[in-house]
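# Overview (structure and organization)
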Amino acid sequence: MEDQAGAEKSEWLDAVFCSFSDQQNNLWLGCQDGLAFINRNATPFRSFYNDEVSGLKLEHVLSLSSPGKGTVFAGLRNGFVQVQTASGRFSLISKNQSFQHNYTDPFGLLQSSYPGGTAVFLKKKWSPIADVYPEFKAFSNYAINSHLCVGDSLNIMGTENDKGVLIWNYKKQTVKVIDQISRPALAANIVNTVYRDKMKNIWVLSDKKITILDSSLSRSKILSFYDSQNKQAYNIYFDMCEAGNNYWVAAYGTGIIQLGTDYKIRNIYTTKNGLSNAGIYKIFNVGDSSLVITSNNGISILNLNTRKFKNYYQQDGLHSNSFEEACGFMKDGIIYAGGVKGFTIIDPSKFRINTIAPRVYINRISMETGRRSFDTSSIRIKRLIVPNDVIQTSLYFSGINYSSPNHTTFAYRIDKQSENWINIGNRNFINLIGIPPGKYLIQLKAANEDNYWSIPTEISLIFLPKWYQTWWFKALIGFTIACLGYLFYRLRLRQILKEHSIRAGIAGDLHDDIGSSLNTIKVFTNLAIIKPEKVEYLDNINANLEAAIIGLRDLIWVLDDKKDTLEDLVNRLRESMQPVANAINIVLEIVVDESCVGLILQKTEKRYLYLIAKEAVNNSIKYAECTRINIKFKIRQKRLLVQITDNGNGFDPSGTNMGYGLKNMRTRCVHINYQFFIHSSSTGTQITLEKNSPVFSKRK
C-alpha cells in the first residue's frame, strides 16, 4: 500500500486485524487506525516526492529529463536531483540554484539552464556552456526553456530571457539567432516552447502569436487567433502537438485550440467541455487516440474519438494538482511531468475504462419544520410519508465506486414533474421545497468516472396536504366564491332594476311634463294658424316652449355623473329659482353647512330633492305672499337635513283640501328614503326633509 503523492509513510500496516478481497480484486484491510483500501489494478501513475533514506524532497520541480530508463534528472527551484525510479532513491547533484530546463545534449552531456545562463555538467560539476562549447561565447548568458534535435547536426533552442531562438550546428560549431530582426524573422522574441511537426516545420510559440519556420529555416509564417466573443486575441501558447491531422495548441487561460491543416480554428475546448482547468501547460499525443494535458488542477485526458474529457487529481495518484509550464516530456510512450511537490511518471497504456457502475443507496432523509427537524437513516427505506408541517425535505445518498470515489456523479428525476434526468454533479443530496401534496416517485442514479450509470434507486414520498390544501377547504373556498358570485349577481340585478326605475321615471317625466308642453304647443300652433290675430296663442306657445326647455335642462343635469354633489344641486337651484325670486322682489337664500361639502347624491335622490325644493319655492311664491325664502342644508346626527322656510301668511297643513304638490313631495320623500315634515303658521311655513340613513360618501 502506497500513500498518495508519496507522503510520509503510514503506520497503518503495523496493526492489521482482517483483510478482504472484493470482486474487482481490490484489497480491504481492517487496521487499528481505520479501514484501508488497496487498488490491486495497475495504476497509470507513479509519483515521486520524498526519499526517506536521503531525506531529500522535491518541493518544486521546474524541469525534467531522462537520459535512460530508470534515471530522471529533476531541476528544482533550489537544487538539482538525480532520481532512480526503480528504487525511489534521490541523489543531490547541486543545491541553492534554480534549474529551469535540462536535457542530454547531442554529445551525451547534461545541460541545464538557470537565470544567468546555461551550464554543462562535466566532471561532476557545472561549467558555463561557453567553456565546453566555445561557439556559445556570445550567448553564455542565454537561458534555455526548450530544445529540438533536428537531423544529425542541428539543435534548436528556445530562450527563456526573450532572446528568440538559437540554432546550434554542433558539427560546424556555430550558433546563430533567429529573432524579430533576423531573416527569417519571428513574430516576437518571447519564446515559450519550440515544436517540430510532421512536415518538419518548426513552430515557435510565443505569448500572442505563433511563428512557423520552414524546414530550411529560410521562411517564416506568423499566426494569430482572435477571440471574437471576448474581443481580444488568444494568447500565452505554452505547448502543442499533432493528432488526427490536427494541431492542438495549449493556450493558457483559454483551453485547447484545435487547428486544421489550413491553420484555421476548428474547435476550442474549455472547462465548459470538461477540461479540469483553463490554466494548461503541456499537451501530449497518445497514439492519435487521446491527449494528455497538464494544468494548474490535475491532468485531463481528451478522448479524440468521443471528444470527452476524463480528469485525474492528486487523490488518483498524482504528485499534486499543480504542474509547471515547461516541466514535462514524453519518451518511449511514457510521460514525465512535474511541478509542486514532486513529479509523476504516467504510463498511458495503463489507463482503463471502468465499466462497473456505482451502487446507489439512500443513506438519510431529513425533514425540517419551522421548529424542529427529524430524519431517518434506513438505507432500505422505499416509502415515506412527509407530514404537512414539513417545510423542506432533503434526501442524502451515496454512490459506491471503489476505483475512483471522488469522481462519482449523480442525477435524479421526479416522475410527476419531469421525465428528464437532472444532473447534479458530485453533490450527494437534493432539497425538496414547496412540493404540492401527493405521491411522488423519486429516482436516483450514479455514474463512475467513465460515465457508466447505475440502475436507478427509487423511493416513494407521500406529501400530506396542509390544511389549506385539503379537499374540504377547497370546497369551502368554492362555496364562498359561489356565494360571493351570487351576491354580486343580486347586487348587479338590483342596480339594473334601480337604473331601470330611474329611466322609467325619466321617461314618465318626459311624457308628462315635456310631452304635455309639446302637445299644448301643438294645439296653440294650430289655433294660431287658424286665427293669426290672436296674440295670446303665441304667448302660450312661448311659455310652453320655455317650460319644455327648462324640463330638458333639468333632465340633462340629473343624468350628468359629473354633477352629483350637493354643491351641484345648490347651484342648479340657484340657476333655476334665483331669477324668478329676484323678478318679484323676494330674497332667496341658500345656505350649505360645512359638514355637507363634497357630499355625493344618488341620481334619484338628486332629482327628487331638486323637484321637492322647486315645488316648495314655487308654492311660496304663488300662495304665501312672502318676502323671504331660505333653503338650508346641514348634517344632523350623520343624517342630511334640508329645511325650506318662508315668511309668508301660512296655511293649515291638516286641511282636507291638501293639493297635489304636498302629496308629490311626500311620495318623492318616501322613494328616496327621506322623512317629510311641514309646519305652518301665520308667520310662515317650514318644510323639513330628513334622510333616514347616515351619509358616508364624499368626493375628495
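Above this text is the structure in question.
Cut-offs used in this document
Residues numbered from 1 in each chain as written. Predicted model: local features only at pLDDT ≥ 70, side-chain atom pairs only at ≥ 80, totals over all residues. Heavy atoms only, no water. Core = buried A, V, L, I, M, F, W, Y, C linked by side-chain atoms within 4.5 Å. Buried < 20%, exposed > 50% of the residue type's maximum accessible area, 1.4 Å probe, protein only. Helix = DSSP H or I, 4+ residues; strand = E, 2+ residues; numbered from the N terminus. Contact = heavy atoms within 4.5 Å. Pairing = 2+ DSSP bridges. Axes fitted to C-alpha atoms, helices over the stretch in contact; angles between N-to-C directions. Expected span 1.5 Å × (residues − 1). Patch = residues over 30% accessible without salt bridge, like charges linked within 9 Å, V, L, I, M, F, W, Y side chains within 5 Å. Areas by Shrake-Rupley, 256 points an atom, 1.4 Å probe, with all protein chains shown as cover. Salt bridge = Lys/Arg side-chain N within 4 Å of Asp/Glu carboxyl O. Polar contact = N/O pair within 3.5 Å; in protein donor to acceptor, adjacent residues only side chain to side chain. Phe/Tyr/Trp six-rings, centres within 6.5 Å; stacked < 30°, edge-to-face > 60°. Parallel < 35°, antiparallel > 145°, perpendicular 65-115°, else oblique. Left-handed = near helix turned anticlockwise from the far one by under 90°. Nonpolar A, V, L, I, M, F, W, Y, C, P; charged D, E, K, R; others polar. Bend = angle between axes of the 7 residues up to and from the residue.

## A short note on the nonpolar core
Most often, soluble globular proteins have nonpolar side chains that are buried together. In terms of nonpolar packing, the biggest core is built from 37 residues, with Leu566, Leu569, Leu573, Leu609, Phe633, Leu640 and Leu689 touching the most fellow members. Mapped by element, the contributors of at least two residues to this core are α4 (566–583), β43 (587–592), α5 (603–624), β44 (628–636), β45 (639–646), α6 (660–671), β46 (674–681) and β47 (684–691). Per-element tally for this core: the top contributor is α5, with nine residues. If we ignore the near neighbours within four places in the chain, the residues touching Phe633 are Leu566, Leu569, Val570, Leu573, Ile590, Val591, Val592, Asp593, Cys596, Leu641 and Val642. Counting 30 residues, the second-largest nonpolar core is a separate cluster that includes Leu223, Tyr247, Leu259 and Tyr269.

## Focus on the sheet that holds strand β32 (residues 334–339)
Read across the sheet, four strands follow the order β4-β33-β32-β31 without closing on themselves; strand pairing throughout is antiparallel. Edge positions in the sheet fall to β4 (45–48) and β31 (323–331), since each has one partner strand and no second. Each strand of the sheet is rotated relative to its neighbour by a mean of 20°, with strand direction disregarded. Here β32 pairs with strand β33 (residues 342–346) via five bridges, running antiparallel.

## Notes on α5
With 22 residues, α5 ought to run about 32 Å at 1.5 Å a step, and its terminal C-alpha atoms sit 30 Å apart, in line with that. Taken from the residues just after α5, Glu625 is the one with a positive phi, measuring 50°.

## Describing unusual backbone geometry
Cis rather than trans, the peptide bond between Arg183 and Pro184 has omega equal to 0°. Tracing the backbone through its elements, the reader meets Pro184 in the loop between β16 (174–178) and β17 (193–196). Here Lys200, not a glycine, exhibits a phi torsion of approximately 70°, which is positive. Structurally, Lys200 is set in the loop between β17 and β18 (202–205). Unusually for a residue other than glycine, Asn585 sits at a positive phi of about 60°. The residue Asn585 is located in the loop between α4 and β43 in this model. Given the relative accessible area of 66%, Asn585 is considered exposed.

## Considerations on a nonpolar patch on the surface
A surface patch of nonpolar side chains, amounting to about 330 Å² of accessible area, comprises Tyr361, Ile379, Ile400 and Tyr402. Position of Ile400 relative to the elements: it lies in strand β37 (residues 392–400). Owing to a relative accessible area of 35%, Ile400 belongs among the partly exposed residues under this scheme.

## So, the side chain of Thr685
The residue Thr685 is located in strand β47 in this model. Here Ser680 takes part through its side chain, which lies 2.8 Å from a polar atom of the side chain of Thr685. Apart from residues lying up to four places away in sequence, Thr685 is in contact with Ile644, Thr645, Asp646, Gly650, Phe651, Ile678, His679 and Ser680.

## Quick look at the sheet that holds β16
Ordered by their spatial adjacency, four strands build an open sheet running β13-β14-β15-β16, and the pairing between neighbours is antiparallel. One side of each edge strand has no neighbouring strand; the edge strands of this open sheet are β13 (144–150) and β16. Adjacent strand axes in the sheet meet at a mean angle of 20° when their direction is disregarded. As defined by bridge partners, strand β14 (residues 154–159) adjoins strand β15 (residues 165–169) across five bridges and the pair is classed as antiparallel. Across the sheet, the residue bridging to Gly158 is Val165, located in β15.

## Structural notes on the environment of Glu605
Relative to the elements of secondary structure, Glu605 occurs in helix α5. Take Glu605: its relative accessible area is 6%, and that puts it in the buried class. C-alpha of Glu605 to C-alpha of Cys669: the two residues are 64 residues apart in sequence and 8.8 Å apart in space. Residues contacting Glu605, with those up to four places away along its chain left out, are Leu640, Ile672, Tyr674 and Lys691. Within polar-contact distance, the side chain of Glu605 engages the side chain of Tyr674 at 2.5 Å. Only 3.2 Å separates the side chain of Glu605 from the side chain of Lys691, close enough to count as a polar contact.

## Concerning the packing of aromatic side chains
Tallied over the entire structure, the rule returns 31 aromatic pairs. Both rings, one in Trp248 and one in Tyr269, keep their centres 6.0 Å apart while their planes meet at 35°; by these two values the pair is tilted. Residue Trp248 is located in strand β24 (residues 246–251), and its partner Tyr269 is located in strand β26 (residues 265–269); the two are separated by 21 residues in the primary sequence. Each member of the pair, Trp248 as well as Tyr269, carries the same accessibility label: buried. Connected via pairs of aromatic rings, a cluster forms that spans Phe73, Phe80, Phe99, Phe121 and Trp126.

## Observations concerning the side chain of Thr71
One can find Thr71 in strand β6 (residues 71–76). The exposure class assigned to Thr71 is buried, which follows from its relative accessible area of 15%.

## Looking at the packing of α4 against α5
Their axes nearest at 11 Å, the elements α4 and α5 cross at an angle of 25°. One way to sum up the angle between α4 and α5 is to call them roughly parallel. The hand of the α4/α5 crossing is right-handed. Judged by residue contacts, Leu569, Arg572, Leu573, Ser576, Met577 and Val580 of α4 engage Lys606, Leu609, Tyr610, Ala613, Lys614, Val617 and Ile621 from α5. A per-class count over the contact of α4 with α5 returns nine nonpolar, one polar and three charged.

## Remarks on the pairing of β37
Both faces of the sheet carry side chains from a regular strand, because those side chains alternate between them. In the sheet, strand β34 (residues 359–368) pairs with β37 via nine bridges, with the strands oriented antiparallel. Bridge pairing in β37 places Arg359 opposite Ile400. In the sheet, β37 pairs with strand β40 (residues 429–433) via five bridges, with the strands oriented antiparallel. Residue pairing for β40: Tyr396 is matched across the bridge by Phe429.

## Quick notes on the pattern of salt bridges
Oppositely charged side chains are able to pair whenever their charged atoms sit close together. Tallied over the full model, the rule gives 10 salt bridges. Across the pair Glu59 and Lys341 runs a salt bridge whose closest N-O atoms are separated by 3.1 Å. Of this pair, Glu59 sits in the loop between β4 and β5 (61–68) while Lys341 sits in the loop between β32 and β33, placing them 282 residues apart in sequence. Residue Glu575 pairs with Arg572 through a salt bridge whose shortest N-O separation is 3.3 Å. Separated by three residues within a single helix, Glu575 and Arg572 lie in helix α4, roughly one turn from each other.

## Notes on α4
Spanning 18 residues, α4 covers 26 Å between terminal C-alpha atoms, matching the ideal 26 Å at 1.5 Å per step. Remark: the principal bend of α4, roughly 40°, maps to Met577, with a proline, Pro579, within the next four residues. Burial in α4 covers these residues: Leu566, Asp568, Leu569, Val570, Arg572, Leu573, Met577 and Ala581. Downstream of α4 by one or two residues, Asn585 has phi in the positive range, about 60°.

## Regarding the environment of Ile301
Of note, Ile301 is situated in strand β29 (residues 299–303). On the accessibility criterion, Ile301 (12% relative accessible area) is buried. Beyond its immediate sequence surroundings of up to four residues, Ile301 is in contact with Ser290, Leu291, Val292, Lys308, Phe309, Lys310, Tyr312 and Phe351.

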